[in-house]
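# Survey of secondary and tertiary structure
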Amino acid sequence: MSDIPTAEELIKINHNPPATDWMDTPVNIRKGMYCYASNPKSVAYLGLPNARKWNPLDDDWKLPENWQQILHEGFKERLERFRTFKVYMDICVRCGACADKCHFFIGTGDPKNMPVLRAELLRSVYRNDFTTAGKVLGKIAGARELTLDVLKEWWYYLFQCTECRRCSVFCPYGIDTAEITIMGRELLNLIGLNIDWIATPVANCFRTGNHLGIQPHAFKDMLDFFVEDIEEVTGIDLEVSYQKKGADILFITPSGDVFADPGTYTCMGYMILFDYLKKEYGLDVTWSTYASEGGNFGFFTSHETMKRLNAKMYAEAERLGVKWILGGECGHMWRVVTQYMDTMNGPANFLEEPVSPITGTKFENTKSTKMVHIVEFTADLIKHGKLNLDKSRNDHLNITFHDSCNTARGMGMLDEPRYIINNVCNNFHEMPANTIREQTFCCGSGSGLNAGEDMELRMCGGLPRAHAVKHVHEKYGVNSLACICALDRAVFPDLMDYWVPGVEVTGLHEMVANALVFPGECKRTTDLRGEPLLGMEDEADE
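These notes cover the structure that comes with them. Keep in mind that what you see is a predicted model, and the values were worked out from it rather than measured. (Residues numbered from 1 in each chain as written. Predicted model: local features only at pLDDT ≥ 70, side-chain atom pairs only at ≥ 80, totals over all residues. Heavy atoms only, no water.)

### Thoughts on the pairing of strand β7 (residues 504-507)
For strand β6 (residues 480-483) and β7, the ladder comprises four bridges, and the chain directions are parallel. Residue pairing in the sheet places Ala482 in a bridge with Thr506 of β7. This β-α-β element, β6 to helix α23 (residues 486-499) to β7, shows right-handed connectivity. (Pairing = 2+ DSSP bridges. Helix = DSSP H or I, 4+ residues; strand = E, 2+ residues; numbered from the N terminus. Right-handed = clockwise from strand over helix to strand, strands pointing away.)

Given below as structure tokens:
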């Protein structure tokens with residue numbers, strides 16, 4: 001983990017621009033603000049070009065001799081293939097409406113983290129290579145050649161963007177700067193410039209089915225451990241179904257929920273909910289130890305890699321002959337499914353259009369993808385009175401909710417999580433209106449930036465979200481930040497410990513499971529974490 005300044009030091013942000021023009025301000029790649037270079041074994045496993053060991057701090061990045069030609073041709077191909085990319089290169093008027101909307105600019109004060117200027121890093125080369133004005137007028141038209149320094153600038157700043165799309169909400173032309181980041185990273189991959197916290201999880205996912213590289217037997221063992229933990233807390237002896245052919249539903253969640261706290265408690269929540277639905281209504285949900293990853297780090301690599309990772313979930317659903325797919329709490333998993341699945345691998349016509357066998361609700365928004373978000377599934381169950389819930393079991397929690405970027409802006413999941421929260425707990429407080437829903441701030445660690453070595457960058461990028469949490473923490477006594485993204489659950493504990501000590505992180509279905517009343521359960525004195533329920537402190541200690 002990188003050494004980072006104290007919170008008191010980091011808050012002293014200088015937003016004054018440098019004295020030199022941005023084109024004349026050299027890139028300064030420094031520790032704490034970047035992730036390690038990709039492991040050559042992972043790059044080779046994925047079949048990506050130029051697998052070799054390299055270091056961003058070295059002068060020589062060991063590039064192919066014709067790297068400029070490779071990038072020029074790759075740029076040209078993508079301009080022809082993706083109409084939006086061409087439009088976004090042309091229509092920006094550099095009005096700056098997006099400038100102060102990016103959490104990385106707010107947190108670092110670096111002008112090149114303004115979305116408009118980060119895009120300009122690519123746009124300047126586009127003008128030089130592909131426009132008449134740029135070829136004739138050069139720098140006057142905002143054009144510049146693709147030099148090694150420019151390439152290093154690309155790499156440094158394109159990996160200081162979480163592709164959260166907050167900037168796009170405020171752009172008067174509707175430019176999606178995240179798409180520009182996606183294209184830029186795809187170009188970098190053509191010459192072997194990725195980061196290890198992306199390349200290795202993707203390689204693991206190809207090899208074993210999940211980002212962490214966990215073998216099927218280890219995946220099953222972990223869920224079996226959860227069964228024991230759940231019985232100790234609740235007295236419920238539940239069963240988990242694996243690879244069951246002909247099951248009603250295939251459930252897929254990010255592997256982070258299975259192997260990383262506090263996501264493990266959310267995973268227990270899924271298991272408890274499914275066992276309840278099995279016993280009460282006969283719903284048959286199965287897990288896969290092969291398609292054991294809902295997340296899609298291919299999204300941060302290239303369109304083709306994203307497509308290949310997305311396909312494995314559907315291949316497993318077809319193999320098992322389930323009716324449709326239910327997906328867990330995740331961010332980029334759902335942006336890929338919602339915004340890209342149809343044109344990549346869909347429509348999934350071998351599956352049925354999802355209908356809840358318990359409530360009869362037809363999930364119209366999943367007509368093509370055949371994949372339902374567990375939050376809308378559970379909200380529907382609650383709306384129809386199918387769950388016996390005791391809200392008081394979450395009275396020890398004072399909750400605020402973080403709208404995860406990819407579920408909020410990416411798929412419009414805004415009201416369903418709040419509906420669930422209001423039905424499973426009594427203490428809920430919203431953060432300020434300009435920091436939630438469509439305008440939500442990012443966790444600052446998405447898009448593959450959740451490593452230990454770039455911790456300073458993460459704390460800078462997470463500053464706006466942390467300050468919104470701090471506001472409700474001080475005003476309402478909020479002690480728990482709820483979210484519906486496995487990556488958020490993995491990275492927010494560090495952010496909260498740094499900026500807002502005393503605030504823990506939870507998933508929605510952990511709270512659902514705390515509140516869910518089972519027939520024949522033992523007297524509940526603790527939550528899933530073993531923490532005493534309000535008023536049960538003495539009994540929990542016995």
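### A short note on the sheet that holds β6
Taken in spatial order, the three strands of this open sheet run β5-β6-β7, and their pairing is parallel. At either margin of the open sheet sits one strand with a lone partner, and together these are β5 (399-401) and β7. The average undirected angle you get between the axes of adjacent strands in this sheet is 35°. With respect to the sheet, helix α24 (residues 508-515) is in contact with β5, β6 and β7, its orientation differing from that of β7 by roughly 75°. (Axes fitted to C-alpha atoms, helices over the stretch in contact; angles between N-to-C directions. Contact = heavy atoms within 4.5 Å.)

### What to know about helix α22 (residues 463-476)
Between its first and last C-alpha atoms α22 spans 20 Å; for 14 residues at 1.5 Å apiece the expected length is 20 Å, and the two agree. Those residues of α22 not exposed but buried are Leu463, Pro464, Arg465, Ala466, Ala468, Val469 and Val472. For α22, the elements touching its buried residues are α5 (103-108), β5, α21 (455-461), β6 and α23. Just past α22, the residue Gly477 takes up positive phi, approximately 75°. (Expected span 1.5 Å × (residues − 1). Buried < 20%, exposed > 50% of the residue type's maximum accessible area, 1.4 Å probe, protein only.)

### Some words on the sheet that holds strand β1 (residues 249-252)
Either a parallel or an antiparallel arrangement is found when strands of a sheet pair, and the pairing is made through backbone hydrogen bonds. Here we have four strands laid out as an open sheet, ordered β2-β1-β3-β4, and parallel in their pairing. What marks the edges here is a single partner per strand, and that holds for β2 (285-287) and β4 (371-373). Looking at each pair of strands side by side, their axes are set apart by 35° on average, direction ignored. In this structure, β1 lies alongside β2, joined through three bridges in parallel fashion. Across the sheet, residue Phe251 finds its bridge partner in β2, namely Trp287.

### Focus: the pattern of salt bridges
Counted by the stated rule, this structure contains 31 salt bridges. Here Arg123 and Glu120 are joined by a salt bridge, their closest N and O atoms 3.2 Å apart. Of the two residues, Arg123 and Glu120 both sit in helix α6 (residues 115-130), three residues apart, roughly one turn of that helix. The residues Arg123 and Glu120 share a single accessibility class, namely buried. One salt bridge connects Glu504 with Arg529, and the closest N-O pair in it is separated by 3.7 Å. (Salt bridge = Lys/Arg side-chain N within 4 Å of Asp/Glu carboxyl O.)

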